[in-house]
Amino acid sequence: MPSYTVTVATGSQWFAGTDDYVYLSLEGTAGCSERHLLDKPFYNDFERGAVDSYDVTVEEDLGEIQLIKIEKRKYWYQDDWYLKYITVKTPMGDYLEFPCYRWITDEKEIVLRDGRAKLPRDDKTQILKQHRRKELETRQKMYRWKEWHPGFPLSIDAHSHSDLPRDIQFDNEKGVDFILNYSKAMENLYVNRFMHMFQSSWSDFADFERIFVRISNTISEYVMQHWKEDFMFGYQFLNGCNPVLIRRCTEIPKKLPVTMDMVECSLERNLTLEEEVKQGNIFIVDYELLDGVDANKTDPCTIQYLAAPICLLYKNLENKIVPIAIQLGQKPGPDNPIFLPSDASYDWLLAKIWVRSSDFHIHQTVTHLLRTHLVSEVFSIAMFRQLPAVHPLFKLLVPHMRFTIAINTKAREQLICECGLFDKANATGGGGHVQMVQKAMKDLTYSSLCFPEEIKAKGMDSKEDIPYYYYRDDGIKVWEAIKSFAEDVIHIYYESDEVVCEDVELQAFVKDIYVYGMRGVKTPDFLRSVPKYQPLWLFTVLSCFVVQYDWCSWIPNAPPTMRCPPPTEKGTVTIEQIVESLPDRGRSCWHLGAVWALSQFQDNELFLGMYPDEHFVEKPVKEAMAKFRKNLDEIVNTITERNKNKKLPYYYLSPDRIPNSVAV
């Protein structure tokens, strides 16, 4: 009688094993096996991390094995089981792999297909087509869209982390409890004694050092020492916490009436301002998005303020980017002066602090929340709803969606909700952050998510003209590596654009992103060009590089709120006014706890190129993965070599520091 050897691998997570009854049956082209009991309760099979083997004997050969059916029946209490994969050795000696990588949480039957990736057109038999359809029907009931706020990208329909499907929950929910992590952070940073001291101002800049953790030779300490200097201010637009806003200025905007007389002493080439603009030496950062956003009013004892500054920058003869003019509001006028480096030192310093505060708000809410977390969640939900596990794009994307929906759900539950942690220290809390996302959605396009296109659109692509833009240089390298990997995998399954258009599941996936992610406001121009936009999906979910503590832990360099309005005239600013404008002791501590917590990797973090779950079984894909890892290693070595002996090393886009998914 034919005998099949079945190997079952259980996950290594805590509580991944089970003591329940487990049944298995095989379904082939020539017939089906009976249901076989693989394990009885307390027989020490299916323990955490275990690999167990069984012989399944049948009366007749089953032909080519198409499906494996697994049932788990409760013995005493509900005992979840994480099944990694099953392998089958046939009577002919062939090995078949059936990836699972799912939690089995109830007594329903789950059905697995072998690990070879298949497009819809590849399934010829009715049983495989039916399995594919049923899987998506089941997922679409579990992964439902919901509008959290009008104008936002849609998110998962779940009120809390515990409402999520078990497969996308964190292994350990405590590890991502924002309230617990913030409290731990403040305790670890020895600042918890200040955390309730709201409305209590610091004495001076030196007083901020009482909550600053000194770690020798780190970027944060360098920032603390040099934050007042113009070169450090300009450098951060290229390589700081939010290096995505700076653009080459092709024309001085009318709303910023800067004259040659104002900036002549800052220009070094004996050229007029207009000539400097034409030569590409003038850059601009405009925080127009903050104009009209309501400041946080959740604490009636503290009035908080926002500004929408415009900052003009200049590339000097040393190729350093330095500020030459700052206007703190969008409308020019006598009560909205243009601050200059030649002004009184405190006037100029406070103007720069206002820019740094505005930059922090844009980073937190637009760059980090919207363009990384919320967009990645859209990709994740669309993937689960429209791509079955056998689809090659599901296999390619699923490692990069790990915990993304979970971290966002937890954030909506504790962090950015009404009266959440975000409200405690941020001037955009209390609803301002919602307004910012709604406004930013109007400028969110597919091309703006494509790294090289966005860099070029801003006029920042020339390495010769802008030689110290490491964010651009490293980002392009990582983008090209991802693009090469994605194309290698895609071309295995898609021979032409016609095959792309024939893939109804892919089209449904793209439509979900267009309708629910981009909210249908932009043309879905990537419908026919998967090879071009596949790197976009991957790069977007990998853009959550951990950077905040280095640049934001020194409070004056990234104030999360300002407690006095922007100055409306020159020559009146004092050091006392600056300190009174900066966050009080309590908000400073909550801010420090936040940037610390948001700069920590998960305990079980996976980094770019790590694929411990083998969703693909085909040799060509595994070769593409090996090539990808080799390319990433070369990038790591290049970045490491460049950073040697640098006072300000740039390592945030080194692949060994880029999480494989958005879960920070």
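In this text the structure is predicted, and so the values were computed from the model without any measurement.

Chemist: Please explain the overall build of the protein as it appears in this structure.
Modeler: Counting secondary structure elements, the protein contains 21 helices and 16 strands. A total of 664 residues make up the protein; the buried ones form 58% of that total. In the protein, 75% of the contacts between residues at least 6 apart in sequence involve partners at least 24 apart. With an accessible surface of roughly 27700 Å², the protein has 50% of that area assigned to carbon and sulfur atoms.

Chemist: Even after reading the chapter, I still don't get the UniProt feature "binding site: Ca(2+) 2" (unreviewed entry) in the protein, so can you show me in this structure?
Modeler: UniProt's feature table lists "binding site: Ca(2+) 2" (unreviewed entry) at Asp39, given in the numbering used throughout. Considering the arrangement of structural elements, one finds Asp39 in strand E4 (residues 36-39).

Chemist: When you look at unusual backbone geometry in this model, what are you seeing that I'm missing?
Modeler: Trans is the common state for peptide bonds, and a negative phi is the common state for residues other than glycine. At Phe15, a position not held by glycine, the phi torsion is positive, near 65°. Structurally, the position occupied by Phe15 is in the loop between strand E1 (3-10) and strand E2 (21-28). In this structure, Tyr101 takes a positive phi of about 50° despite not being glycine. Structurally, Tyr101 can be placed in strand E8 (residues 95-104). Assessed through its relative accessible area of 10%, Tyr101 is described here as buried.

Chemist: Just to check I follow, could you spell out the packing of helix H7 (residues 345-386) against helix H16 (residues 504-517) for this structure?
Modeler: Helices that pack against each other are described as a pair by the angle of their axes relative to one another and the distance between those axes. Close contact between H7 and H16 brings their axes to 9 Å; oriented N to C, the two are set at 145°. Considering how the two elements wind past one another, H7 and H16 form a crossing that is right-handed. Contact residues: H7 offers Val378, Phe379, Ala382, Met383, Arg385 and Gln386, while H16 offers Glu505, Ala508, Phe509, Asp512, Ile513 and Gly517. Broken down by class, the residue content of the contact of H7 with H16 amounts to 7 nonpolar, 2 polar and 3 charged.

Chemist: Help me out: how do you make sense of the UniProt feature "site: Essential for stabilizing binding to COTL1" (unreviewed entry) in the protein in this one?
Modeler: Here, UniProt's "site: Essential for stabilizing binding to COTL1" (unreviewed entry) annotation points to Trp103. Summarising the element assignment, Trp103 is placed in strand E8. Using a relative accessible area of 7% as the deciding quantity, one classes Trp103 as buried. Ignoring any residue separated from it by four or fewer positions in sequence, one finds Trp103 in contact with Gln13, Trp14, Phe15, Ala16, Asp80, Trp81, Tyr82, Arg166 and Asp167.

Chemist: I would appreciate a short explanation of the nonpolar core in the present structure.
Modeler: In globular proteins that are soluble, nonpolar side chains generally tend to be buried together. Counting residues in hydrophobic clusters, the biggest one holds 145 residues, and the most contacted among them are Phe237, Ile246, Leu313, Met383, Tyr494, Phe509 and Trp551. Those residues within four positions of Tyr494 in sequence are excluded, and the remaining contacts are Leu119, His391, Leu393, Val499, Val500, Asp503 and Leu506. If you look at the next biggest cluster of nonpolar residues, it comprises 25 residues, including Val22, Tyr54, Ile65 and Phe98.

Chemist: It is not clear to me how helix H21 (residues 619-643) should be interpreted in this structure. Could you clarify?
Modeler: Three- or four-residue spacings in an α-helix give side chains the same orientation, since the helix completes a turn every 3.6 residues. Under the 1.5 Å per step criterion, the end-to-end length of H21 is 36 Å for 25 residues, consistent within 8% with the ideal 36 Å. Along H21, the positions that sit buried rather than exposed are Val621, Ala624, Met625, Phe628, Leu632, Ile635, Val636, Ile639 and Asn643. Those residues of H21 that are buried lie in contact with helix H14 (470-493).

Chemist: Even after reading the chapter, I still don't get helix H3 (residues 219-226), so can you show me in this structure?
Modeler: Counted residue by residue, H3 has 7 buried out of 8 residues, so it is predominantly covered. Regarding H3, the residues found buried are Ile219, Ser220, Glu221, Tyr222, Val223, Met224 and His226. Residues of H3 that are buried in the fold lie against helix H4 (230-239) and helix H18 (548-552).

Chemist: Before we go on, may I ask you to explain the packing of H7 against helix H9 (residues 404-415) in this structure?
Modeler: Following both chains from N to C, one finds H7 and H9 inclined at 125°, their axes separated by 9 Å at the closest point. Taken together, the axes of H7 and H9 are oblique relative to one another. Between H7 and H9 lies a crossing whose hand is left-handed. Of the residues in H9, those touching H7 at His373, Leu374, Ser376, Glu377, Ser380, Ile381 and Phe384 are Thr404, Ile405, Ile407, Asn408 and Arg412.

Chemist: How should I be thinking about a nonpolar patch on the surface in this particular structure?
Modeler: A cluster of nonpolar residues, Tyr75, Trp76 and Tyr77, forms a patch on the protein surface that exposes about 430 Å² of accessible area. Within the element layout of this structure, Tyr77 appears in the loop between strand E6 (65-73) and strand E7 (81-89).

Chemist: Help me understand the pairing of E7 in this model?
Modeler: Two faces, one strand: in a regular strand the side chains alternate between the faces of the sheet. Where E1 meets E7, 6 bridges bridge the pair, whose relative direction is antiparallel. If you follow Thr5 over to E7, its bridge partner there is Lys89. Between E7 and E8, which pair antiparallel and follow one another directly, the connecting turn spans 5 residues, one of which, Gly93, has a positive phi of 90°.

Chemist: Which parts of the structure should I look at to understand the pattern of salt bridges?
Modeler: Two side chains of opposite charge can pair, provided their charged atoms sit close to one another. According to the stated counting rule, one finds 34 salt bridges in the structure shown. Linking Glu71 and Arg73 is a salt bridge whose minimum nitrogen-to-oxygen distance equals 2.6 Å. According to the relative accessible area criterion, Arg73 is partly exposed, its value standing at 25%. We note a salt bridge from Asp286 to Lys255, for which the minimum N-O separation is 2.7 Å. Residue Asp286 is located in strand E13 (residues 282-286), and its partner Lys255 is located in the loop between strand E12 (247-248) and helix H5 (260-263); the two are separated by 31 residues in the primary sequence. Salt bridges sharing common partners tie together Arg113, Asp123, Arg132 and Glu505.

Chemist: Please explain the pairing of E1 as it appears in this structure.
Modeler: The buried count for E1 comes to 6 of 8 residues, which makes it a mostly enclosed element. Two strands pair when backbone bridges link them, and E1 and strand E5 (residues 51-57) are joined in this way by 7 bridges, in the antiparallel orientation. Residue pairing in the sheet places Val8 in a bridge with Asp52 of E5.

Chemist: What is the right way to look at the side chain of Gln304 in this model?
Modeler: Mapped onto the secondary structure, Gln304 falls in the loop between E13 and strand E14 (310-315). At a separation of 2.6 Å, a polar atom in the side chain of Gln304 contacts the side chain of Thr561. Discounting chain neighbours no more than four positions away, the residues touching Gln304 are Ala295, Asn296, Asn426, Ala427, Thr561, Met562 and Arg587.

The rules we used
Throughout, a residue's number is its position along its own chain's written sequence, starting from 1. Predicted model: local features are reported for residues with pLDDT of at least 70 only, side-chain atom pairs are reported and counted for 80 or more only, and whole-chain, interface and lining totals are derived from all residues. Excluding hydrogens and water, the side-chain figures rest on all heavy atoms present in the structure. The way it works is that DSSP assigns letters per residue, a run of H or I at least four long becomes a helix, a run of E at least two long becomes a strand, and they are numbered from the N terminus. Each residue's exposure class comes from its accessible area (1.4 Å probe, protein chains only) as a fraction of the maximum for that residue type: buried when under 20%, exposed when over 50%, partly exposed otherwise. What makes two residues a contact is simply this: any of their non-hydrogen atoms within 4.5 Å. For every accessible area listed, the method is Shrake-Rupley and the probe measures 1.4 Å; residues are considered covered only by the protein chains on display. UniProt positions are given in the numbering used here, feature names are shortened, and annotations may be inferred rather than shown by experiment. Here an angle of 0 to 180 degrees is reported between the N-to-C directions of two axes, which are lines fitted to C-alpha atoms, with helices fitted over the stretch in contact. Crossing chirality is assigned from the near helix's rotation relative to the far helix, an anticlockwise turn below a right angle marking it left-handed and a clockwise turn marking it right-handed. Each residue gets one of three labels, nonpolar for Ala, Val, Leu, Ile, Met, Phe, Trp, Tyr, Cys and Pro, charged for Asp, Glu, Lys and Arg, and polar for the others, Gly among them. The criterion is simple. A nonpolar core is a set of buried Ala, Val, Leu, Ile, Met, Phe, Trp, Tyr and Cys residues joined through side-chain atoms within 4.5 Å. Residue count minus one, scaled by 1.5 Å, sets the expected span of a helix. The labels follow the angle: roughly parallel below 35 degrees, roughly antiparallel above 145, roughly perpendicular from 65 to 115, and oblique for the rest. Only residues whose relative accessible area exceeds 30% and that take part in no salt bridge are eligible for patches, with like-charged residues grouped when within 9 Å of each other and nonpolar side chains (Val, Leu, Ile, Met, Phe, Trp, Tyr) grouped when within 5 Å. One side-chain nitrogen of Lys or Arg within 4 Å of one carboxyl oxygen of Asp or Glu is enough to make a salt bridge. A strand pair is defined by DSSP finding two or more bridges across the two strands. The definition of a polar contact used here is a pair of N or O atoms within 3.5 Å, where within protein one atom must be able to donate a hydrogen and the other to accept one, and adjacent residues in sequence count solely through side-chain atom pairs.

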